[in-house]
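Chain by chain, the residues:
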Amino acid sequence: MSADQPLVLGIETSCDETGVGIVRGTELLADAVASSVAEHARFGGVVPEVASRAHLQAMVPTVHRACAEAGVALSDIDAIAVTAGPGLAGALLVGVAAAKAYALALDKPLYAVNHLSAHVAVDLLDNGPLDQACIALLVSGGHSSILRVPRVGGQELTELGATLDDAAGEAFDKVARLLGLGFPGGPLIDRAARDGDRDAIAFPRGMTGARDDPMAFSFSGLKTAVARWVEARERAGEPVPVADVAASFQEAVVDVLSAKAVRAATESGIEHLLLGGGVAANSRLRELTAQRCERAGLRLRVPRPGLCTDNGAMVAALGAQLVAHGATPSRLDIPADSSMPITDVLS
Ligand code: KG4
Ligand code: ZN
């Protein structure tokens, strides 16, 4: 560890996780997360007001927990990074207000960053610096995009393609609900699929026709196909083979995601493919993409599953890169931006 690199505190409150991370350079010192997911489960989805209140309660204790974990005092922090968007407006506001207060009280610069770029930058904590461009497959509850990233943690990126309808994580959540598995659906489908046959049901691969955009995704047709298939079984009075449906649905999603991401890297002549976002925690997506990268001669970078889902470490990781490259800090009057464009890395 190089003690002369700035110590960055990152705050994440865009959805239902209050995350506080502490990073020095690309070294992770603390990753404290308080989740309100259990409070939302009975509603089958995140309730914004409940999330905001939970953030408010968890914010200060989670900051203290992160400092204790890192063995640092708040006064040691050199910069504050926070998710400014995209996400739930009320939830983002709690983190942004807290970050401004810490920046003001500690007299340290504030970096109001994009949640999606943070999902990409977190890779540096697990896989170390990368001095080349990469293609990033960013797959979360709200987004599914293929990005060209000249430098991980930099302010430039190009979106090569995105989903035309549901995000991959959203499809996991909706299919889990219709299978009665619960919320959030991604990890539950991942687990149920382990006991199933991924070739049991041939679900459609959206946007893979000869005339379809090779960089775009569509998952709503797949979700409907799963619903129809399950309904047909129920109407016939036959039991629904949940594990097989989960495995076949999961395969349809990850087959398309990994194929398009690998193709984007190969066609752009870029050697590194990076996976980020909650869906990157999916065991089958990781496995299949690793196989395809090996075959295509690509190098795969994917953080450990716990850093794929929302956390504060990713925000600190991006903040540390911005500080290291001399980015201009954000003004203390920046707003939370629930629909912050993916290409705006820093407000
Ligand atoms: O990045 P994230 O934690 O929050 C957002 O920014 O949206 O992603 C959450 C999404 C949810 O839809 C969740 O079901 C999905 O990621 N997810 C998974 C897995 N773990 C989380 N999807 C598939 N397999 C998983 N193991
Ligand atoms: Zn996220």
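All of these numbers come straight from a predicted model, not from anything done at the bench. (Residues numbered from 1 in each chain as written. Chains lettered and ligands numbered in written order. Predicted model: local features only at pLDDT ≥ 70, side-chain atom pairs only at ≥ 80, totals over all residues. Heavy atoms only, no water.)

Caption draft 1: Inspection of the pairing of strand E9 (residues 272-276) at higher detail. Burial runs high along E9: five of the five residues are buried. Across the two faces of E9 the burial is the same, with His272, Leu274 and Gly276 and Leu273 and Leu275 all buried. Pairing geometry for strand E6 (residues 134-139) and E9, over five bridges, is parallel. For Cys134, the partnering residue across the bridge sits in E9 and is His272. In terms of handedness, the path from E9 via helix H10 (residues 283-296) over to strand E10 (residues 299-301) forms a crossover that is right-handed. (Buried < 20%, exposed > 50% of the residue type's maximum accessible area, 1.4 Å probe, protein only. Helix = DSSP H or I, 4+ residues; strand = E, 2+ residues; numbered from the N terminus. Pairing = 2+ DSSP bridges. Right-handed = clockwise from strand over helix to strand, strands pointing away.)

Caption draft 2: Structural detail: the coordination of the zinc ion (ligand 2). Bound to the zinc ion (ligand 2) are the protein donor atoms His115 (NE2), His119 (NE2) and Asp310 (OD), situated 2.0 to 2.1 Å from the metal. The motif formed by the donor residues of the zinc ion (ligand 2), counted along the single chain, is H-x3-H-x190-D. Taken as a pair, His119 in helix H4 (residues 115-121) and Asp310 in the loop between helix H11 (305-308) and helix H12 (313-324) lie far apart in primary sequence, 191 residues in all. As far as the burial class goes, His119 and Asp310 line up, both buried. (Donors = N, O, S within 2.8 Å, 3.2 Å for Na, K, Ca; no water.)

Caption draft 3: Structural context of the site of ligand 1. In the neighbourhood of ligand 1, 19 residues make up the surrounding shell, with His119, Gly141, Asp173, Gly186 and Asp190 lying closest. Here His119 contributes a side-chain N or O atom positioned 2.9 Å from an oxygen atom of ligand 1. Side-chain polar atom of Asp310 to an oxygen atom of ligand 1: 3.0 Å apart, as the coordinates give it. Expressed as a share of its isolated accessible area of 550 Å², the protein-covered part of ligand 1 is 88%. Judged by its atoms lying within 2 Å of the grid points, ligand 1 is housed in the largest pocket. For the shell around ligand 1, the elements supplying multiple residues, two or more each, are H4, helix H6 (168-178) and helix H7 (185-193). Considering each element in turn, the shell around ligand 1 owes the most residues, four residues, to H7. Each residue belonging to the shell around ligand 1 can be placed in one class, and the counts come to four nonpolar, 12 polar and three charged. (Near = heavy atom within 4 Å. Polar contact = N/O pair within 3.5 Å; in protein donor to acceptor, adjacent residues only side chain to side chain. Areas by Shrake-Rupley, 256 points an atom, 1.4 Å probe, with all protein chains shown as cover. 1 Å grid on protein atoms, 1.4 Å probe; cavity = no way out; pocket = protein on both sides within 12 Å on 5 of 7 lines; lining within 4 Å. Sits in = over half its atoms within 2 Å of the grid points. Nonpolar A, V, L, I, M, F, W, Y, C, P; charged D, E, K, R; others polar.)

Caption draft 4: Highlighting empty space enclosed by the protein. Scanning the entire structure with this criterion turns up one cavity of 30 Å³ or more. In this structure, the largest cavity occupies an estimated 50 Å³ of space. Ser117, Val120, Val149, Arg151, Val152, Gly153, Gly154, Glu156, Leu157 and Leu318 together form the lining of the largest cavity. Of the residues in the lining of the largest cavity, the class split is five nonpolar, three polar and two charged. Two domains share the lining of the largest cavity, each providing at least three of its residues, namely domain 1 (7-122 + 311-324) and domain 2 (132-302). (Points joined across faces, edges and corners; volume = space filled by probe spheres on them. Domains from an automatic or database assignment.)

Caption draft 5: Geometry of the sheet that holds strand E8 (residues 158-162). Here five strands make up an open sheet; going across it, the order is E8-E7-E6-E9-E10 and the pairing mixed. Each end of this open sheet is capped by a strand with a single partner; those strands are E8 and E10. Each strand of the sheet is rotated relative to its neighbour by a mean of 20 degrees, with strand direction disregarded. Of the strands in this sheet, E6, strand E7 (144-149), E8 and E9 touch helix H9 (residues 242-268), which is tilted by about 160 degrees from E6. (Axes fitted to C-alpha atoms, helices over the stretch in contact; angles between N-to-C directions. Contact = heavy atoms within 4.5 Å.)

Caption draft 6: How the structure looks around the pattern of salt bridges. A complete count under the given rule lists 13 salt bridges for this structure. Arg284 is the salt-bridge partner of Glu251, the closest N and O atoms lying 2.7 Å from each other. Remark: Arg284 occurs in helix H10 and Glu251 occurs in helix H9; sequence separation between them is 33 residues. When its relative accessible area of 8% is taken as the criterion, Arg284 is described as buried. One salt-bridge network, in which partners are shared between bridges, spans Asp166, Glu170, Lys174 and Lys223. (Salt bridge = Lys/Arg side-chain N within 4 Å of Asp/Glu carboxyl O.)

Caption draft 7: Just the nonpolar core, in detail. Counting 45 residues, the largest nonpolar core has Phe249 and Leu257 as its most contacted members. Taken together, the elements giving at least two residues each to this core come down to E6, H6, H7, helix H8 (220-235), H9, E9 and H10. Per-element tally for this core: the top contributor is H9, with 13 residues. Judged by nonpolar contacts, the second largest core, of 35 residues, contains Val113, Leu138, Ala317 and Ala327. (Core = buried A, V, L, I, M, F, W, Y, C linked by side-chain atoms within 4.5 Å.)

Caption draft 8: Up close: the sheet that holds strand E2 (residues 17-24). Pairing is mixed in the open sheet, where five strands are placed in the order E3-E2-E1-E4-E5. The open sheet is flanked by strand E3 (27-35) and strand E5 (110-114), the only strands paired with a single partner. Recorded for the sheet is a direction-independent mean angle of 20 degrees between the axes of neighbouring strands. Bridging between strand E1 (residues 7-12) and E2 involves six bridges; their strand directions are antiparallel. Its bridge partner being in E2, Leu9 is matched across the sheet by Ile22.

Caption draft 9: Examining unusual backbone geometry more closely. The amide bond that connects Gly85 to the next residue, Pro86, takes the cis arrangement and shows omega of -10 degrees. Within the element layout of this structure, Pro86 appears in the loop between strand E4 (79-85) and helix H3 (89-106). Put simply, Phe183 and Pro184 share a cis peptide bond, and its omega is -5 degrees. Within the fold, Pro184 resides in the loop between H6 and H7. Phi is positive for Asp107, which is not a glycine, with a value near 55 degrees.

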